[in-house]
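Listed below, chain by chain, are the residues.
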Amino acid sequence: MPLCERKTADCPSAVTVTRKYIVRGATRVMADESLFEFLHMEMVAYVYKHQSGDNNDQERGSALSTLEGLGFRVGQGLIERFTKDTPSFKDDLDAVKFLCKDLWINLFRKQIDNLRTNHQGTYVLQDNKFSLLSQFSNSKQYIEEAPKYLVYTCGMVRGALSNLGIDSVVTAEVSVMPACKFQVVIQRS
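Computed from a prediction, not measured in an experiment: that's the story for all the values here. (Residues numbered from 1 in each chain as written. Predicted model: local features only at pLDDT ≥ 70, side-chain atom pairs only at ≥ 80, totals over all residues. Heavy atoms only, no water.)

For this particular structure, what's the right way to read the pairing of strand β7 (residues 180-186)?
In regular strands, side chains alternate between the two faces of the sheet. With burial as the criterion, only one face of β7 is covered, namely that bearing Cys180, Phe182, Val184 and Ile186; the residues Lys181, Gln183 and Val185 on the opposite face remain uncovered. In this structure, strand β5 (residues 122-127) lies alongside β7, joined through 6 bridges in antiparallel fashion. Directly across from Tyr123, in β7, lies its bridge partner Val184. Relative to β7, strand β6 (residues 168-173) runs antiparallel, the two sharing 6 bridges. In the strand pairing of β7, Ala172 is matched with Phe182. Linking two consecutive strands that pair antiparallel, namely β6 and β7, is a turn of 6 residues. (Buried < 20%, exposed > 50% of the residue type's maximum accessible area, 1.4 Å probe, protein only. Helix = DSSP H or I, 4+ residues; strand = E, 2+ residues; numbered from the N terminus. Pairing = 2+ DSSP bridges.)

I'm lost on the pattern of salt bridges in this one. Help?
Note on pairing: side chains with opposite charge can pair once their charged atoms come close. Under the definition given, this model contains 5 salt bridges. Notably, a salt bridge pairs Asp113 with Lys110, separated by 3.0 Å at the nearest N-O pair. You can call Asp113 partly exposed: its relative accessible area is 40%. The partner of Asp127 in a salt bridge is Lys110, and the shortest N-O contact between them spans 2.6 Å. Residue Asp127 is located in strand β5, and its partner Lys110 is located in the loop between α3 (92-108) and β4 (114-117); the two are separated by 17 residues in the primary sequence. With relative accessibility at 0%, the residue Asp127 sits in the buried group. On the basis of relative accessibility, which here comes to 23%, the residue Lys110 falls in the partly exposed class. (Salt bridge = Lys/Arg side-chain N within 4 Å of Asp/Glu carboxyl O.)

Sorry if this is basic, but what is going on with unusual backbone geometry here?
Where the residue is not glycine, phi is negative for most of them; where a peptide bond is considered, it is trans in most cases. Of the consecutive residues Met177 and Pro178, the connecting peptide bond is found in the cis state with omega at -5°. Relative to the elements of secondary structure, Pro178 occurs in the loop between β6 and β7.

Before we go on, may I ask you to explain helix α4 (residues 151-163) in this structure?
The periodicity of an α-helix, 3.6 residues per turn, causes residues three or four positions apart to be oriented the same way. Look at α4: 18 Å from first C-alpha to last across 13 residues, which is about the 18 Å you get at 1.5 Å a residue. When you tally the buried positions in α4, you get 10 out of 13 residues, the bulk of the element. Of all the positions in α4, only Val151, Tyr152, Thr153, Cys154, Gly155, Met156, Val157, Gly159, Ala160 and Leu161 are classed as buried. Just beyond α4, the residue with positive phi is Gly165, at close to 85°. (Expected span 1.5 Å × (residues − 1).)

What is the right way to read the packing of aromatic side chains from this model?
To describe a pair of aromatic rings, you give the distance between the ring centres and the angle between the ring planes. Tallied over the entire structure, the rule returns 6 aromatic pairs. With centroids separated by 4.9 Å and ring planes inclined at 55°, the aromatic side chains of Trp104 and Phe108 adopt a geometry described as tilted. Of this pair, Trp104 and Phe108 both sit in helix α3, 4 residues apart, which is roughly one turn of the helix. You'll find Trp104 and Phe108 in the same group, each marked buried. Pairing Phe130 with Phe182 gives two aromatic rings, centres 5.5 Å apart and planes at 70°, and the pair type is edge-to-face. On the criterion of sequence distance, the pair formed by Phe130 in the loop between β5 and α4 and Phe182 in strand β7 is long-range, its members being 52 residues apart. The exposure classification of Phe130 matches that of Phe182, with both residues buried. Connected via pairs of aromatic rings, a cluster forms that spans Trp104, Phe108, Phe130 and Phe182. (Phe/Tyr/Trp six-rings, centres within 6.5 Å; stacked < 30°, edge-to-face > 60°.)

Next up, the structure:
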């Protein structure tokens, strides 16, 4: 596949950044997006292969915990980097809005499609075309496999919120591929 270069000046330090695109027919896909999606798929496969040999529940739980932990650490680092020049958030809702807009755009090149809250510490983030699920078929046969590909992202969201001083529990569900919902429940102490 041919690579095209496009120069952009969206770097905060005013340095010109070159991004490479893979040209597929009339559409362009950023090469780093494809690489991240492939890396994510291989990471999930590797963790499941090496930690859930007999595929029993305890080993599956260990694999899920490992992926969530990896995502947690990445989320902590990313939010630290993206908020270093941002004033502190006045409440949980502002922090979650930041995740839905700025962090999601930096990670997945789009905003969350829908954010709902009960104003009591529960937030539902809906992504109608989640990029880490879009490489799978839209049929129902992959719905059972989809949750293991969401655990890493749940960890990233929880890690990002943790670094903002917000303890939370993050879960994900898929009812129709490639749409998914992330539920964030803020832990009050």
